[in-house]
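Given next are the chains, with one letter for each unit.
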Amino acid sequence: MNTKIAIVIGGTGLVGTALLEQLVADERYAEIVAIGRRKPSVESQKITFIENTLEKPKSAAEHLFGDDLFICIGTTIKKAKSQENFKYVDYTIPKKIAKHARKNGVKNIAVVSSVGAQRKSNNFYLKTKGKMEEAIIAEAFRRTVVLRPSLLLGKRKEHRLAESIGHSLSGVLNLLMVGKLRKYRAVKATDVAAAMIKYINVDTVGTDIIHYDYIIK
């Protein structure tokens, strides 16, 4: 019986698009609220699109009502053009969206982070992701799922040279990454989306941090 309401932040990227497709097909979800700057390519009577740049996350608060919140928003420093802008997209927006959703009674959250995320990292990208994770976990949702994929595999609308090279080498590199290096293997965006839905629906309370093996499991 489909009774759940899902809220999706960032439904136009690799993971977000795959996530919307899978939520539409999932009988547990009766309604999907997609919030973002651009209308998703996925169309369904289940989906209600709310156009919002999220430059002021509080402006989205009135739409953050439901059962499960999925945050797939993210950018690159090159695209953001500054570390400050990058931090706003990858840290501030997820943090504030989660806070407003928690106040509104949303029970569960799943967010896409990055392998190696650590607030004390010397790498700005990984440090930002680590801080974002901490902020999300601090909201104490009934269930918090943090996914830490490495390189995402899938066809993007925009061209990213580094990712294109990574995609072409991913098959060979994945074979070389064994033991503790397995978590750095490239993973399909569709598998990340499936893992978000799978683990947010596990009937346990608390926080799970999901790496490669459990993403593809």
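Residues numbered from 1 in each chain as written. Predicted model: local features only at pLDDT ≥ 70, side-chain atom pairs only at ≥ 80, totals over all residues. Heavy atoms only, no water.

**What about the overall build of the chain?**
Going by this rule: Elements are defined by DSSP. Helices are runs of H or I of four residues or more, strands are runs of E of two residues or more, and each kind is numbered from the N terminus. Each residue is placed in one exposure class: buried if its accessible area under a 1.4 Å probe, protein chains only, is under 20% of its type's maximum, exposed if it is over 50%, and partly exposed if it falls in between. Here, two residues are considered to be in contact whenever any of their heavy atoms come within 4.5 Å of each other. All accessible-area figures derive from a Shrake-Rupley calculation using a 1.4 Å probe, and residue coverage is judged against the displayed protein chains alone.
Helix and strand content of the chain: 7 helices and 9 strands. Of all 217 residues assigned to the chain, the portion counted as buried reaches 47%. Sequence separation of 24 or more characterises 70% of the internal contacts of the chain that already satisfy a separation of 6 or more. Total accessible area on the chain is roughly 11500 Å²; 53% of this is exposed by carbon and sulfur atoms.

**Regarding the pattern of salt bridges**
What counts is decided by this rule: Salt-bridge detection follows one rule: a side-chain nitrogen of Lys or Arg within 4 Å of a carboxyl oxygen of Asp or Glu.
Throughout the structure, instances matching the rule amount to 10 salt bridges. The partner of arginine 143 in a salt bridge is aspartate 208, with the nearest N and O atoms 2.5 Å apart. Here aspartate 208 lies in strand 9 (residues 206-210) and arginine 143 lies in strand 6 (residues 143-147), a separation of 65 residues in the sequence. The class of arginine 143 is buried, set by a relative accessible area of 1%.

**As for the nonpolar core**
Across soluble globular proteins, nonpolar side chains have a tendency to be buried as a group. Short version of the rule: Put simply, a nonpolar core is a bunch of buried Ala, Val, Leu, Ile, Met, Phe, Trp, Tyr and Cys residues held in one set by side-chain atoms that sit within 4.5 Å of each other.
Judged by nonpolar contacts, the single largest core of 32 residues is most densely connected at Val15, Leu19, Leu23, Phe70, Leu147, Val192 and Met196. Elements represented by at least two residues in this core include exactly strand 1 (4-9), helix 1 (14-25), strand 2 (29-36), strand 5 (108-112), strand 6, helix 6 (189-200) and helix 7 (212-216). Contact partners of leucine 19, with chain neighbours within four places excluded, come to Val8, Phe70, Cys72, Ala193, Met196 and Ile197. Counting 24 residues, the second-largest nonpolar core is a separate cluster that includes Tyr91, Ile93, Ile97 and Ile136.

**Quick notes on a positive patch on the surface**
Put simply, the rule reads: Each patch is built from salt-bridge-free residues with over 30% relative accessible area, joining like charges within 9 Å and nonpolar side chains (Val, Leu, Ile, Met, Phe, Trp, Tyr) within 5 Å. For this count, His and the chain ends are skipped, Lys and Arg are scored as positive, and Asp and Glu as negative. Where a charge sits is defined by one atom per residue type, namely NZ (Lys), CZ (Arg), CG (Asp) or CD (Glu).
A contiguous patch of positive charge on the surface is contributed by Lys87, Lys95, Lys96 and Lys127. It is helix 3 (residues 83-103) that contributes the most residues to the positive patch, 3 residues altogether.

**Observations concerning the sheet that holds strand 5**
Rules: Strand pairing is assigned whenever DSSP detects at least two bridges linking the two strands. Fitted lines through C-alpha atoms serve as axes, helices being fitted only where they are in contact, and the angles separating the N-to-C directions of these axes extend from 0 to 180 degrees.
The 7 strands are arranged 3-2-1-4-5-6-9 in an open sheet whose pairing can be described as parallel. Across the chains shown, the open sheet's two edge strands, defined by having one partner strand only, are strand 3 (47-51) and strand 9. The mean angle between the axes of side-by-side strands here comes to 15°, regardless of whether they run parallel or antiparallel. As judged from the 5 bridges shared by strand 5 and strand 6, these two strands associate in the parallel manner. When the sheet's bridge partners are listed, asparagine 108 is paired in strand 6 with arginine 143.

**Overview of the environment of threonine 17**
Along the chain, threonine 17 falls in helix 1. C-alpha separation for the pair threonine 17 and valine 42, spaced 25 residues apart in sequence, amounts to 6.8 Å. Once residues within four sequence positions are removed from consideration, threonine 17 is found in contact with Gly11, Thr12, Ser41 and Val42.

**Focus on helix 4 (residues 124-138)**
So the rule is basically this: For a helix, the expected span equals 1.5 Å multiplied by the residue count minus one. Polar contacts, as used here, are pairs of N or O atoms within 3.5 Å; protein pairs need one atom able to donate a hydrogen and one able to accept it. Residues neighboring in sequence count only if both atoms are side-chain atoms.
Counted at 1.5 Å a residue, the expected span for helix 4 with its 15 residues is 21 Å, and the 21 Å between its end C-alpha atoms agrees. By the burial criterion, the buried members of helix 4 are Leu126, Thr128, Lys129, Gly130, Met132, Glu133, Ala135 and Ile136. For helix 4, the elements touching its buried residues are strand 4 (68-71), helix 3, strand 5 and strand 6. Two or three places before tyrosine 125, at the start of helix 4, stands the capping residue asparagine 123, its side-chain oxygen 2.9 Å from that residue's backbone nitrogen. Residue alanine 140 follows helix 4 closely and has a positive phi angle near 55°.

**Remarks on unusual backbone geometry**
Unusually for a residue other than glycine, leucine 54 sits at a positive phi of about 65°. Relative to the elements of secondary structure, leucine 54 occurs in the loop between strand 3 and strand 4. Looking at leucine 54, the relative accessible area reads 2%, which means it is buried. One non-glycine residue, alanine 140, adopts positive backbone phi at about 55°. When you line up the elements, alanine 140 lands in the loop between helix 4 and strand 6.

**As for the environment of valine 89**
Note on placement: valine 89 falls in helix 3. Spatially, the C-alpha atoms of valine 89 and threonine 76 are 9.3 Å apart, while their sequence positions differ by 13 residues. If we ignore the near neighbours within four places in the chain, the residues touching valine 89 are Ile73, Gly74, Thr75 and Pro94.

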